[in-house]
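Okay, here's what each chain looks like letter by letter:
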Amino acid sequence: MPSCLLPLPLLTLTKVDQSLSQATVCFACLGYREDRCFVPTCCSVFVSSFFLFLLSPSPKPQIFPMPNNLKQNALSIIDTITLAVAGSAPSYSLNATTAALIAAVGLASPGALIYGAIPMFGISFAFKYLNEWRADAGAAYTWVGRSLNPFLGFLAGWAFLVLSTAFMVAGVLPVGVITLELIAPALRDSVVAATIVGGLWFIGIATLTILGVHVAASVQRMMTAIEAIALIVLVIAALLKFSAEPQNAFSLSWFSPAAFGNLETFMAGMLIAVFYYFGWDVSSNVAEETSGTGSTGGKSGILGMIGVVFLFLLVQISVQMGMTVEMVEQNGSNLLASLGDMVLPHPWGDIAILAVLLSTVGTIETQLTQCARLLFSMGRDRVMHERFADIHPRFQTPWLAGLIITVLSLFLMILSSFSPSINQVMISLITSIGVMVSLYYGLSGLACFWYYRRSLKQNWQTLVLRGLWPLLSAVFLLYLGVAQIPTLGWQVSLLTIGALAIGIVPMLIFRGMYGSEFYQATQESFCPTLSVERSKVEMK
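Conventions used here
- Residues numbered from 1 in each chain as written.
- Predicted model: local features only at pLDDT ≥ 70, side-chain atom pairs only at ≥ 80, totals over all residues.
- Heavy atoms only, no water.
- Helix = DSSP H or I, 4+ residues; strand = E, 2+ residues; numbered from the N terminus.
- Expected span 1.5 Å × (residues − 1).
- Bend = angle between axes of the 7 residues up to and from the residue.
- Buried < 20%, exposed > 50% of the residue type's maximum accessible area, 1.4 Å probe, protein only.
- Core = buried A, V, L, I, M, F, W, Y, C linked by side-chain atoms within 4.5 Å.
- Contact = heavy atoms within 4.5 Å.
- Phe/Tyr/Trp six-rings, centres within 6.5 Å; stacked < 30°, edge-to-face > 60°.
- Lys NZ or Arg CZ within 6 Å of the ring centre and 35° of its normal.
- Axes fitted to C-alpha atoms, helices over the stretch in contact; angles between N-to-C directions.
- Parallel < 35°, antiparallel > 145°, perpendicular 65-115°, else oblique.
- Nonpolar A, V, L, I, M, F, W, Y, C, P; charged D, E, K, R; others polar.
- Patch = residues over 30% accessible without salt bridge, like charges linked within 9 Å, V, L, I, M, F, W, Y side chains within 5 Å.
- Areas by Shrake-Rupley, 256 points an atom, 1.4 Å probe, with all protein chains shown as cover.
- Salt bridge = Lys/Arg side-chain N within 4 Å of Asp/Glu carboxyl O.

As a further point, take helix 3 (residues 90-105). Residues spaced three or four apart along an α-helix face the same direction, because each turn holds 3.6 residues. Counted at 1.5 Å a residue, the expected span for helix 3 with its 16 residues is 22 Å, but the 20 Å between its end C-alpha atoms falls short. At T97, helix 3 is deflected by roughly 50°, the largest bend along its length. Within helix 3, 15 of the 16 residues are buried, leaving the element largely enclosed by the surrounding structure. Following helix 3 by one or two positions, G106 adopts a phi angle in the positive range, close to 65°.

What follows is the structure, encoded as structure tokens:
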């Protein structure tokens, strides 16, 4: 498969010693009991215990007297905007994907980012209005399930869990490599050292998310601020240096549809742009914990998207003015560091490496936050094991859902680092991430159109923002995902479809175990008459 069609270019940052593939791996996972908190166990015991946990009956309520509500009003709109920006991981996305984007569409890359943002804004408006209907930690899973079809809702949730877990596993090892590059360059090619450092980062991130969403958001504000400042400094320095003697003089033709040449090239650019923007929707998963729950989460996603688009465009233009296509290809996944060295004196160029590190850590944190809250919502609805709905009595976070995702991700990271066969499976899942992102966002856009279908004749704003834009964006993204499947090769395509289809197993198991009302409830839709009557009552 051509590298230009990869939705997530793989970060080949280390050379793995073949002898390490024969290593036997063991680690300590975390368990929970009332009398002790940490239980060391080996990998095999963890795997068997994990599945026993899923299939075991729930404990008696008095053993775990935990409230089933997340902490309300824990986040402000600034917090959720920050999370939305961090979720898209500007520095990580630019560093990992710019080479692939330029390989696919050449100097039309800024145009690809703008045109790719159009369907993403359509989906962000869908999230805004769906949040106004129902602020839920499950976000798309809940909206799709309660408006379109419960099975499609479960599929949307499952697709996100698969793609997010694969994404986190892929991001942890590079975090270790980048950290070693900053503090111990001699060890950056050591898989063992990178795995240990990456694992420690992941445990630290998980600890923050369990201690409270407000704690994680406070740290995220600091990291995102440093990242944004670093990118702006790079952009200013690059524009000042390259404006006089650019490799490619700035041109408005970079934004022209004609610059793509043909539809195939345009679609390749759109596919990569989808990965650039993926992650802004975390603001909707924390809506239950945000002040002004019904509106803040959706608005934050839109505002976060606006900020991310500007950062992407500014850096992309700077790169194209200062580097030839060949230079971009040679630097690959080390692009921002090379840009920093070109425009800033040593050691200030290292701010680019710092920006990538903070961006990667930030997006792992948002993915873990989303996964934990999605599992919490599914557990609360009893479409997954109801233990996932356990809330920590002090921190009011879905600690058990977060803990399971953390241990599972660390387990897969260690296996993929030292086992060639497992590593190949993870690479295949990462390669197909665009299909799952398209499915997840596409179903959300359809859900918005369908839920508000009876109100679309009210005015043009409702018709466009709640109807046509989300609908057309959803159709485009779903087409993009389906069109990608044949380009993946039969093995990756089969694995992608299999990863989604295997979700049927837990769906059937827990439906039989609990008989959740989620599958039996009448599908909901917006009723304009009831909305007007409710507004009159509230005014009185």
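Within the largest apolar cluster, 132 residues are counted, with the highest numbers of intra-cluster contacts made by Y277, M384 and Y441. In terms of residue count, helix 6 (residues 150-183) provides more of this core than any other element does, 14 residues in total. In contact with Y441, other than residues within four places in its own chain, are M120, I123, F127, F278, G279, W280, D281 and L477. Residues A74, A217, V282 and V286 belong to the second largest nonpolar core, which totals seven residues.

Buried residues dominate helix 5 (residues 140-147), accounting for eight of its eight residues. All buried positions along helix 5 are accounted for by A140, Y141, T142, W143, V144, G145, R146 and S147. Elements in contact with the buried residues of helix 5: helix 4 (109-133), helix 6, helix 10 (282-285), helix 14 (351-380) and helix 17 (433-451).

Now for the packing of aromatic side chains. Evaluated as defined, the whole model comprises 29 aromatic pairs. Note on Y129 and Y452: the rings are 6.3 Å apart at their centroids and 75° apart in plane angle, and the pair reads as edge-to-face. Taken together, the residues Y129 in helix 4 and Y452 in the loop between helix 17 and helix 18 (460-484) connect sequence positions 323 residues apart. As far as burial versus exposure is concerned, Y129 and Y452 are alike and both buried. Geometry around Y452 places R466 over its ring, the cationic atom sitting 4.7 Å from the centre.

The N-to-C vectors of helix 3 and helix 4 enclose an angle of 100°; their axes lie 9 Å apart at closest approach. For the element pair helix 3 / helix 4, the angle class is roughly perpendicular. Residues L101, I102 and V105 of helix 3 touch helix 4, and the partners they reach there are S109, A112 and L113. The class makeup of the residues in the contact of helix 3 with helix 4 is five nonpolar, one polar and no charged.

Below, the discussion takes up the packing of helix 4 against helix 5. In contact at an axis separation of 11 Å, helix 4 and helix 5 are set at 70° when each is read in the N-to-C sense. Judged by the angle between their axes, helix 4 and helix 5 are roughly perpendicular. Here F127, L130, N131 and W133 of helix 4 lie close against helix 5, whose contacting residues are A140, W143, R146 and S147. Of the residues that constitute the contact of helix 4 with helix 5, the class distribution is five nonpolar, two polar and one charged.

So, on to a nonpolar patch on the surface. A grouping of I77, I78, L303, I306 and F310 is seen on the molecular surface, where their side chains present a nonpolar patch of about 450 Å² in accessible area. Looking at the nonpolar patch, the elements that each hand over two or more residues are helix 2 (77-88) and helix 11 (293-322). If one sorts the elements of the nonpolar patch by residue count, helix 11 sits on top with three residues. Mapped onto the secondary structure, I78 falls in helix 2.

In short, shape yes, function no, at least from these values alone.
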